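# Notes for the structure review
One-letter residues, chain by chain:
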Amino acid sequence: MTLTLRACALLAAGLCHPVGAAPPSDRPQPLKSGVEFTGPDVRALQQDDIANPGMLWVEHGAQLWREAAGAQGKSCESCHGDASASMRGVATRYPLLDPGSARLINLEGRIMQCRERRQRAEPLRYESDELLALTAFVATQSRGMPKDVKVDWQVRRNFEAGRALYYRRIGQMNLACVNCHQENWGKQLGPETISQGHGVAYPIYRLEWQTLGSLQRRFRSCLSGVRAEMLPYGSPEFLDLELYLAWRAQGMPVETPGVRR
Amino acid sequence: MAGTTRSRRKFLARVAALLALPAAAPRAARAQENTVDAMVRKLTAGAQITPGRVKLDLPALAENGNSVGLKVSIDSPMSATDFVRSIHLYAEKNPRPNIANFFLGPRSGRAQVVTRVRLAGTQNVLAIAALSDGSFWSDTAEVTVTNSACYDGS
Amino acid sequence: MTARVQVPRAARRGQPVEIRIAIQHPMETGFRRDDAGREIPKNVINRFVCRYDGVEVFRAEMGSGVAANPYLDFYTLADVSGELVFDWVDDEGKTGSERVPLVVSG
């Protein structure tokens, strides 16, 4: 796959300019949550904490938080105490650079890492009920708080790679993320209104999936949608893209658990 | 749209005419067992169903057939002597048309249930209420169900 | 099975009380196939009962036409202070249960 001319220009600009001084057209104006592009039924579902099916995973996550796991016999609570205090604001900062591995890590990754290395428990897999529940539970502790990722020289390459992918046409349909979510948000694609594609509500309960799902699952939905080569969960491309999206959504409140069609 | 109004009128006419349906041959009867007509006939034992007193609320346009909000309420005092015994929901095009049956009683306080249903495509949904006096009342709602814009192979 | 219930903490005697419950369950229709092409067997919560002070006040018999992670919102008449007990069972025979106290005054 070749880079488009525009992506090349952007990359070149990125090399010359400090990160963060991206062209203003990179971010939609005004910033709108995906919930604003759903119908009244779906919107009402998200706003109702009993009817919102995603809250079932948050509830499950709260139980898992207190459950001991692994050789150490420790629960998340053993180290982190009351999540509403210790996890408050955490989701606003992800993805970020994991100092230990010098790689980008998202919230799922951090939970998997804690589980494996600190609790010495069986690793959790992407889209497993347990990982979804814990991720949703932790992310919900930041509900309403503005997304605030740090995009500095340490993650510059990840940011540039994420942005390049965002602008790259891929798949049989030869579409880039930007074609729908930047250039045509608010317009109709079949029966649906295209959102700005921010990702601040994840993990979300997607009616199409009939279950809660991660942001990377949504990326995979889009990849299959444009008939592009599928990438596995945890791909570095996905992490880079998560960082770019988080930067693009800077200042938007975390909405987890979102409900989408 | 003229087409949908016609299909709705046809559906309503079928519901109203259930009493007039002729007895079916055994093999044909088995084939018909899975239809709304057959199920409703079994429920009412041929008694008349009157449209009214029941209010079935569904969005006119469902964003996804996997989960559609549904509210059914019946105008009833829900007293010890005058109450709704049960509510029966049918989706004519679903592979299993009888979605759910709810059983209420004089201790219910209000004859209203809200739930979320699966609808296999654009169709009419029928709600029948069986009252304590043996009467049956109904309402229908037409729902347009759209498919996802993009194929999701996640 | 994870479930979330909402019931008002207190009610006045003779007042209809709104009960809302959501239960985590796939409500597997039996029409889906897995990645290997095998049929995923049907498994839905087929029966849900609410008892108030030991007496059944609401029952739902459900099929695959009820959406995944079933949600029910129904009413009961506030009578005596007592427990609302919710019980449900799926096609595999797995059961779930929740209980919530209801305080009734007047």
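None of these values were measured; they are calculated from a predicted model. Note on numbering: residues in each chain are counted from 1, in written sequence order. As they are written, the chains are lettered A onward and the ligands numbered 1 onward, keeping that order. pLDDT decides what is reported in this predicted model: residues at 70 or higher carry local features, side-chain atom pairs at 80 or more are listed and counted, and totals for whole chains, interfaces and linings draw on all residues regardless.

## Quick look at the overall build of chain A
For chain A, the helix and strand inventory stands at 11 helices and 7 strands. The quantity called the radius of gyration is restricted to C-alpha atoms. Its globule counterpart is 2.2 Å times the number of residues to the power 0.38. Taken against the 2.2 N^0.38 rule, which gives 18 Å for 261 residues, the C-alpha radius of gyration of chain A at 18 Å falls within 12% of a compact globule. Along the first, second and third principal axes, the C-alpha atoms of chain A reach 55 × 45 × 30 Å. Considering chain A as a whole, with its 261 residues, one finds that 44% of them fall into the buried category. Of all intrachain contacts in chain A linking residues separated by at least 6 positions in sequence, the fraction that spans at least 24 positions is 74%. Secondary structure is summarised from DSSP: a helix means a run of H or I of at least four residues, a strand means a run of E of at least two, and numbering begins at the N terminus for each. Exposure in this text rests on C-beta crowding, where 20 or more other C-beta atoms within 10 Å of a residue's own make it buried, 12 or fewer make it exposed, and counts in between make it partly exposed. The C-beta atoms are placed from the backbone. It is the C-beta atoms, placed from the backbone, that decide contacts: two residues are in contact if theirs lie within 7 Å.

## A few points about the overall build of chain B
Tallying secondary structure elements over chain B gives 3 helices and 9 strands in all. The N-to-C order of helical and strand elements in chain B reads α-α-α-β-β-β-β-β-β-β-β-β. The contacts in chain B between residues at least 6 apart in sequence include a share of 65% that link residues at least 24 apart.

## Some thoughts on the sheet that holds strand E4 (residues 68-74) of chain B
The pairing criterion is simple: DSSP has to find at least two bridges between the two strands. On the basis of which strands lie adjacent, the open sheet formed by 6 strands has the order E2(B)-E4(B)-E7(B)-E6(C)-E3(C)-E1(C) and antiparallel pairing. Taken across any chain shown, the strands that pair with only one partner, and hence form the sheet edges, are strand E2 (54-57) of chain B together with strand E1 (3-6) of chain C. Averaged over all pairs of adjacent strands, the angle between their axes in this sheet comes to 15°, without regard to strand direction. The pairing of E1(C) with strand E3 (residues 16-23) of chain C spans 4 bridges and is classified as antiparallel. By the bridge assignment, C:Arg4 is partnered in E3(C) with C:Ala22. For helices, the fitted line uses only the C-alpha atoms of the stretch in contact; every axis is such a line through C-alpha atoms, and the angle between N-to-C directions lies from 0 to 180 degrees.

## A look at the interface of chain C and chain B
Chain C puts 24 residues into the contact, and the matching count from chain B is 25 residues. Contributions of two or more residues to the side of chain C that touches chain B are made by E3, strand E5 (55-62) and strand E6 (71-77) of chain C. Side-chain classes are defined by residue name, with Ala, Val, Leu, Ile, Met, Phe, Trp, Tyr, Cys and Pro counting as nonpolar, Asp, Glu, Lys and Arg as charged, and the others, Gly among them, as polar. Grouping the constituent residues of the side of chain C that touches chain B by class yields 17 nonpolar, 4 polar and 3 charged. Looking at chain direction, strand E7 (residues 112-117) of chain B and E6(C) are connected through 2 bridges and run antiparallel. The partner of B:Val114 across the bridge, within E6(C), is C:Asp73.

## Describing the interface of chain A and chain C
Each partner contributes to the interface: chain A provides 9 residues, whereas chain C provides 10 residues. Sorting elements by how many residues they give to the side of chain A that touches chain C places helix H3 (residues 54-66) of chain A first, with 4 residues. Taken together, the residues of the side of chain A that touches chain C sort by class into 5 nonpolar, 3 polar and 1 charged.

## Points about unusual backbone geometry
Of the consecutive residues A:Gln29 and A:Pro30, the connecting peptide bond is found in the cis state with omega at -10°. With respect to the secondary-structure elements, A:Pro30 resides in the loop between helix H1 (5-16) and helix H2 (40-47). With a phi angle near 55°, C:Asp53 is a residue other than glycine that sits in the positive phi range. The residue C:Asp53 is located in the loop between strand E4 (45-52) and E5 in this model.

## Describing helix H6 (residues 107-118) of chain A
Residue and element names in this part refer to chain A. In a helix, the anticipated span is given by 1.5 Å times the number of residues less one. Helix length check: H6 (12 residues) gives 16 Å between terminal C-alpha atoms against 16 Å at 1.5 Å per residue, within 8%. Looking at H6, one finds that the buried residues are Leu107, Glu108, Gly109, Ile111, Met112 and Arg115. Tucked into the core, H6 has its buried residues touching strand E2 (103-105) and helix H7 (129-140). Of the residues flanking the end of H6, it is Arg120, one or two places downstream, whose phi is positive at about 50°.

## Topic: the environment of C:Ala10
Tracing the backbone through its elements, the reader meets C:Ala10 in strand E2 (residues 10-12). When the C-alpha atoms of C:Ala10 and C:Ser81 are compared, they prove to be 8.8 Å apart, with 71 residues separating the residues in sequence.

## Details of the sheet that holds strand E6 (residues 211-213) of chain A
All names here are of chain A. Taken in spatial order, the 3 strands line up as E6-E5-E7 in an open sheet, and their pairing is mixed. The sheet is open, and its two borders are formed by E6 and strand E7 (258-260), each paired with just one other strand. In this sheet, adjacent strand axes meet at a mean angle of 35° when their direction is disregarded. As defined by bridge partners, strand E5 (residues 204-206) adjoins E7 across 3 bridges and the pair is classed as parallel. Paired with Ile204 across the two strands is Gly258, which belongs to E7.

## Notes on the nonpolar core
Within the largest apolar cluster, 124 residues are counted, with the highest numbers of intra-cluster contacts made by A:Val138, A:Leu243, B:Ala127 and B:Ala129. Excluding its chain neighbours within four sequence positions, the residues that come into contact with B:Ala129 are B:Arg53, B:Val54, B:Ile74, B:Val84, B:Ile87, B:Phe136 and B:Trp137. The nonpolar core is taken to be a set of buried Ala, Val, Leu, Ile, Met, Phe, Trp, Tyr and Cys residues joined by way of C-beta atoms within 7 Å.

## Points about the confidence of the model for chain A
Overall, the prediction assigns chain A a mean pLDDT of 92, with 90% of residues at 70 or greater. Segment residues 12-21 of chain A: pLDDT under 50, and 6 contacts once partners within four positions in sequence are set aside and those in other chains are kept. Note on scores: pLDDT gives the predictor's confidence for each residue, bounded by 0 and 100.

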